[in-house]
Amino acid sequence: MDKWSGSGRWGSRWAGWKERAGRRSFADNRLAKALAARRDALLIVGMAFLLGRAMILEELSPFALAFLAVVSYLRKDLIYAAGAASLAGALLAVHAQLAAIACGMALFLLIRKGLERFERADIAAAPLIVMITAGSVRLFALLLTDQMHWYPLMLAGIEAVLGFVLTLIFTQALPVLMMRRKKVRLRTEEVVCLIILLASVMTGMVGWSVEGLSAAHIMSRYLILVFAVAGGALIGASVGVIAGLILSLADITAIYQIGLLAFAGMLAGLMREAGRMGTAVGMLIGSTILSLYIGEQSAIAASTWESAVAVLAFLLTPRALIKWTAQYVPGTKEYDNLQQDYARR
């Protein structure tokens, strides 16, 4: 009798442990989902703030409107948070474009609301809406200031076309960054769009500096190091070209960054087989060699220190982040292993 009562007691205890473990697992899953949702919200708000500051040629600001348009379709619950962050960034920009960005956002939301009533609010129409909105706001501003000349009109057309292209790019890049897709395989175009989005976000750091070191230059070098060690010389050089091009559009005096970052990214990728230290040495060699052509000793010293700070941040980066990045870069060993695991399932 005692034997059976003992086994029943142990069975009830086991059942209680299983129930508590199930509750704990459910609570952990809910916590993980809540943290993932909050991570996406913080990521979108932070990017919106920097894109609100980002400008091209010190006059054009097509990034904020294009980003808000994509967010309004992918994360409708974050429209107003992203819009407020973009306006805050525009308010703190070096060359403030607060009125133009605010009017563009308001006009876009009105057009989108009208299309929703006719059930035509599809994300495929977002690039065209952004182009019409950006062009209309710019033309209205030119009419108010009586500047209907060929150069301002050309800039208005360029901003409208840039809004169209950036919306297409962000439409492909933002879902990849937020990991909302179920598929594992990424096309090369999606990786390039992601790099353009990250480089565009970095332009929002133009004007920020610590002890004479540019935050945008440090982040561009750090981004190159991460992609170079993950994808090799081709990816490193591609990231360098894209980052240098977009940074030079935001800051005309940084036109030399295109060649410098491309060469540094190529050398860093070529030395990836030597590990992180080899990649870091390649970055330092590439950036130092081409920085000698700047001429001024202070600029050469600043460029070298910017590379050194980026290398330090890269060496402190967790290995898991680099492996996660490599999984989504076509042609890497991690990417092939992930595809094989996905095929087995």
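Residues numbered from 1 in each chain as written. Predicted model: local features only at pLDDT ≥ 70, side-chain atom pairs only at ≥ 80, totals over all residues. Heavy atoms only, no water.

## Comments concerning the packing of aromatic side chains
- All chains considered together, the criterion is met by 2 aromatic pairs.
- Measuring from centroid to centroid gives 6.1 Å for Phe67 and Phe170, while their planes differ by 80°, and the two rings are edge-to-face. Residue Phe67 is located in helix H2 (residues 63–74), and its partner Phe170 is located in helix H6 (residues 150–178); the two are separated by 103 residues in the primary sequence.
- Ring centres 5.8 Å apart and planes at 80° place the aromatic pair Trp150 and Tyr151 in the edge-to-face group.
- Residue placement shows Arg112 over the ring face of Tyr73; its charged tip is 4.4 Å from the ring centre.
- Over the ring of Phe314 we find Arg276, and its NZ or CZ is 5.9 Å from the ring centre. (Phe/Tyr/Trp six-rings, centres within 6.5 Å; stacked < 30°, edge-to-face > 60°. Helix = DSSP H or I, 4+ residues; strand = E, 2+ residues; numbered from the N terminus. Lys NZ or Arg CZ within 6 Å of the ring centre and 35° of its normal.)

## Things to note about the environment of Ala233
- Among the secondary structure elements, Ala233 is positioned in helix H9 (residues 233–250).
- Each C-alpha atom of the pair Ala233 and Ala268 lies 6.8 Å from the other, and the pair is 35 residues apart in sequence.
- For Ala233, the contacting residues outside a window of four places in its chain are Gly265, Met266, Gly269 and Leu270. (Contact = heavy atoms within 4.5 Å.)

## Regarding unusual backbone geometry
- We note that Glu211 has phi near 55°; this positive angle belongs to a residue other than glycine.
- Structurally, Glu211 is set in the loop between strand E1 (209–210) and strand E2 (213–214).
- Here Glu211 falls in the exposed class, since its relative accessible area comes to 78%. (Buried < 20%, exposed > 50% of the residue type's maximum accessible area, 1.4 Å probe, protein only.)

## Re the nonpolar core
- Formed by 79 residues in total, the largest nonpolar core has its most connected members in Phe67, Phe170 and Leu197.
- Beyond its immediate sequence surroundings of up to four residues, Leu197 is in contact with Met47, Phe170, Ala173, Leu174 and Leu177. (Core = buried A, V, L, I, M, F, W, Y, C linked by side-chain atoms within 4.5 Å.)

## Observations concerning the pattern of salt bridges
- Per the stated rule, a full pass over the model turns up 4 salt bridges.
- Taking the shortest distance from any N to any O, the salt bridge between Arg75 and Asp77 comes out at 3.0 Å.
- Relative accessible area serves as the criterion here: at 11%, Arg75 is assigned to the buried category.
- Asp77 gets classed as exposed once you look at its relative accessible area, which sits at 55%. (Salt bridge = Lys/Arg side-chain N within 4 Å of Asp/Glu carboxyl O.)

## A look at helix H13 (residues 319–327)
- Those residues of H13 that fall on the buried side of the exposure criterion are Ile322, Thr325 and Ala326. With its buried residues spanning 100° around the axis, H13 presents them on a single face. (Arc of directions from axis to C-beta.)

## As for the packing of helix H10 (residues 257–270) against helix H11 (residues 275–291)
- For the pair H10 and H11, interaxial distance at closest approach is 7 Å and the crossing angle is 150°. In this view, H10 runs roughly antiparallel relative to H11, as classed from their interaxial angle. Handedness of the H10/H11 crossing: right-handed. Contacts from Gly259, Leu260, Phe263, Ala264, Leu267 and Ala268 of H10 reach H11 at Thr279, Gly282, Met283, Ile285, Gly286, Ser287, Ile289, Leu290 and Ser291.
- A class-by-class count of the residues in the contact of H10 with H11 yields 9 nonpolar, 6 polar and no charged. (Axes fitted to C-alpha atoms, helices over the stretch in contact; angles between N-to-C directions. Parallel < 35°, antiparallel > 145°, perpendicular 65-115°, else oblique. Left-handed = near helix turned anticlockwise from the far one by under 90°. Nonpolar A, V, L, I, M, F, W, Y, C, P; charged D, E, K, R; others polar.)

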